[in-house]
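Below, each chain spelled out in residue letters.
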Amino acid sequence: MLTLWQEIDGQRYYFSSIGAMRAGWQEIDGKWYYFSRGGAMQTGWQEIGSTWYYLNSKGAMVTGWQLYKDNWYYLSRSGAMLKDWQQIDGIWYYLDGSGAMAAGKWIGDYYLTESGAMATNTWIGQYYVGSDGKWIPGYKEAN
């Protein structure tokens, strides 16, 4: 009798209950996995269509914040890696073109703290950012 998961030549495959090899996205026990056209389970960063996903070492799709090689990435509930400005749990972050979170730097008129969160209502050196996070040119501290 064929079990649903099989390891063949160091690759993991998943078969339906009637023995058909699965390919593409498959939900298995509440987790999502991606299998190549040849049926091999994929791990790590995968570009599927024009979207990047991260699949952990067991092949399961990751969501939320993911630390990878000293950079933080955010993967949406669909597993898609996000880029550009994103509001996550009420906080604004900037994820660059590679998806890596920017931190401790200016992005245009907005400053990102060391945690990656956009600064608001605070001084950054001699510059003040308002409640919307944008630098206010010429703002002077009240005496």
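See above for the structure.
Residues numbered from 1 in each chain as written. Predicted model: local features only at pLDDT ≥ 70, side-chain atom pairs only at ≥ 80, totals over all residues. Heavy atoms only, no water.

(A) A look at the pairing of strand 8 (residues 71-75). Summarising the sheet, strand 7 (residues 64-68) and strand 8 pair through five bridges and their orientation is antiparallel. Looking at the pairing, Tyr-68 lines up with Asn-71 of strand 8. The antiparallel pairing of strand 7 with strand 8 creates a hairpin that spans two residues between the two strands, and Lys-69 there sits at a positive phi of about 50°. (Pairing = 2+ DSSP bridges. Helix = DSSP H or I, 4+ residues; strand = E, 2+ residues; numbered from the N terminus.)

(B) Examining the packing of aromatic side chains more closely. Enumeration over the complete set of coordinates arrives at 20 aromatic pairs. A centroid spacing of 5.3 Å and a plane angle of 65° characterise the contact between Trp-106 and Tyr-111, whose relative ring orientation is edge-to-face. With relative accessibility at 32%, the residue Trp-106 sits in the partly exposed group. Overall, Tyr-111 belongs to the buried group, its relative accessible area being 15%. Above the face of the Trp-5 ring, Arg-12 is positioned so that its terminal group lies 4.2 Å from the ring centre. (Phe/Tyr/Trp six-rings, centres within 6.5 Å; stacked < 30°, edge-to-face > 60°. Buried < 20%, exposed > 50% of the residue type's maximum accessible area, 1.4 Å probe, protein only. Lys NZ or Arg CZ within 6 Å of the ring centre and 35° of its normal.)

(C) Quick peek at the environment of Ser-115. Relative to the helices and strands, Ser-115 resides in the loop between strand 12 (110-112) and strand 13 (122-124). Judged by its relative accessible area of 49%, Ser-115 falls in the partly exposed class. Ser-115 sits 22 residues away from Tyr-93 along the chain, and the two C-alpha atoms are 9.3 Å apart. Non-local contacts of Ser-115, meaning those with residues more than four positions away in its chain, are made with Tyr-93 and Met-101. At a separation of 2.9 Å, a polar atom in the side chain of Ser-115 contacts the side chain of Thr-113. (Contact = heavy atoms within 4.5 Å. Polar contact = N/O pair within 3.5 Å; in protein donor to acceptor, adjacent residues only side chain to side chain.)

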